[in-house]
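Coordinate analysis (summary)
For reference, the chains in residue letters:
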Amino acid sequence: MYTPGPVRPIALLPLLALACSPAPSVAPDATVDAPSPDVAAPDVAAPDDAPSACPPPLGTAAPRTVAPTYGPLDDTLRVNHLQAVGTHNSYHLRPAIPVPDWDYAHAPLDEQLGRQGVRAVELDLHWTDDCGRFLVRHIPGVDGLTTCLNFTDCLATVRRWSDANPSHHPLFIYLEPKGNWPDAAVETRFAAMEREILSVFPRELVITPDEVRGSSPTLAEAVRMRGWPTLRATRGRVLFYIDRTDNLRTIYTHNGRDLVGRLAFVDSAATDPFAAVLVLNNALSPDVPAAVRQNFLVRVFAWSAPDMRDDARVAAAFASGAQIVSTDFPAVTPTVPRPVVVPDGTPSRCNPLTAPMGCTSEAIERLPR
């Protein structure tokens, strides 16, 4: 069984917005371990020196060379029929100066996907003018330790694991662009973001809004009336969604109309014509099961620092039907004996509100040991 080597966290200084690190490779070399929530996240380690040069120009993503293994229900089960665990600020390591809200550390992304069974990750994006690229960190200079600094490095880690495990159900990648983006810069930066994605994942591995909308008048109508694509159509692929509700979303959705030609979905309300993914967070809200029953993908929180674990709240998050249940604590650690894991998941499970009769966790996904 492959065991990933140690990952050296990167310290982000206040001037790090002017720096990037070497470009990623996407050659498959990741683990094929079956998911199990039994690996502790790394504690904070001594910081490395900040990188000092922009990465080389972006390359072209290699095509997938290994086909998924399909299950007997893959033509019946759809993406909205599953339920998975995701991580909040999935790159995050504890800062040197402890702060309750930041008192958590995640394993590298491939370990989360492999040993911990995580199927949704969250990346905060910071634009660098000098490099014209995105970095992934929380708050530079204060809470900046990360397992992957460049956006493309984070994506490459996911891609390597995906190439080694092409039968996984779709991976959900939550993107949160940070900072104020002037209206005049929004299209340029989103185009750069999509170029970075496509330098790691070829378009055929990305589930896009156009694919889900098909011939329907709007994305929301397609989701309500037809639901999401089947597992057969989406195994081994990734789905990106953006969490911004200000001018960024207005511009990305062509003034609130649609996502035609876009690579990612966006946080939305059920009444929006571009609605497909809803970031609702509060698992106790009645809006969650209502949206799930309309076939929307919903993300909620189950347990995050510095809250104490509330077993009833965690259970409510799974009972809500939200397809993505996010947490800061996906695995057993010395201080977390009872992490947030999908009940009877392998690693995910059939959605308790929408999955059809006959669905089993193994039909959603079961990777070999």
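Described in the following lines is the structure provided in the data block. (Residues numbered from 1 in each chain as written. Predicted model: local features only at pLDDT ≥ 70, side-chain atom pairs only at ≥ 80, totals over all residues. Heavy atoms only, no water.)

1. Let's talk about the state of the cysteines
The following threshold applies: When the sulfur atoms of two cysteines come within 2.5 Å, that pair is taken as a disulfide. Each helix is a run of H or I in the DSSP string that is no shorter than four residues. Each strand is a run of E no shorter than two, and both are numbered from the N terminus. Three labels apply to residues, based on accessible area from a 1.4 Å probe with only protein chains included: buried if under 20% of the type maximum, exposed if over 50%, partly exposed otherwise in between.
Under the defined criterion, the tally for this structure stands at 3 disulfides. A sulfur-sulfur separation of 2.1 Å characterises the disulfide bridge that pairs Cys54 with Cys131. Disulfide Cys54-Cys131: torsion about the S-S bond near -85°, hence left-handed. Highlighted residues: Cys54 in the segment before strand E1 (82-87) and Cys131 in the loop between strand E2 (120-128) and strand E3 (133-136), separated in sequence by 77 residues. Residue Cys148 pairs covalently with Cys154 via a disulfide, S to S 2.1 Å. With the S-S dihedral at roughly 100°, the linkage between Cys148 and Cys154 falls on the right-handed side. With respect to burial, Cys148 and Cys154 carry one shared label: buried. Ordinal numbering of bonded cysteines along the protein chain defines a disulfide pattern of 1-2, 3-4, 5-6.

2. Observations concerning the pattern of salt bridges
Quick note on the threshold: Just to be clear on terms, a salt bridge is a Lys or Arg side-chain nitrogen sitting within 4 Å of an Asp or Glu carboxyl oxygen.
This model, assessed by the stated rule, comprises 16 salt bridges. With a shortest N-O distance of 2.7 Å, Glu365 and Arg119 are connected by a salt bridge. Here Glu365, found in the segment after helix H10 (361-364), pairs with Arg119, found in the loop between helix H1 (109-114) and E2; they are 246 residues apart in sequence, far enough to count as distant. Residue Arg159 pairs with Asp163 through a salt bridge whose shortest N-O separation is 2.8 Å. Here the residue Arg159 and the residue Asp163 both occupy positions in helix H2 (residues 151-164), the gap between them amounting to 4 residues, near one helical turn. Among the residues examined, Asp163 registers a relative accessible area of 10% and is labelled buried. Salt bridges linked by common partners bring Arg64, Arg159 and Asp163 together as one network.

3. Side note on unusual backbone geometry
Cis rather than trans, the peptide bond between Ala305 and Pro306 has omega equal to 5°. Counting through the fold element by element, Pro306 comes out in the loop between strand E8 (297-303) and helix H9 (311-319). Between Thr346 and the following residue, Pro347, the backbone shows a cis peptide bond with an omega angle of 10°. Mapped onto the fold, Pro347 is located in the loop between strand E9 (324-327) and strand E10 (349-350). At Asn255, a residue that is not glycine, the phi angle is positive and equals roughly 65°. Along the chain, Asn255 falls in the loop between helix H7 (247-252) and strand E6 (265-266). Despite not being glycine, Asn295 shows a phi value in the positive range, around 80°. Mapped onto the elements, Asn295 comes out in the loop between helix H8 (287-293) and E8. The buried category is assigned to Asn295, whose relative accessible area is 15%.

4. Things to note about the environment of Gly321
Note the following rule: What makes two residues a contact is simply this: any of their non-hydrogen atoms within 4.5 Å.
Note that Gly321 resides in the loop between H9 and E9. Expressed as a C-alpha distance, the spacing of Gly321 and Ala355, which sit 34 residues apart in the sequence, is 9.8 Å. Apart from residues no more than four positions distant in its own chain, Gly321 is found in contact with Gln83, Val292, Asn351, Pro352 and Leu353.

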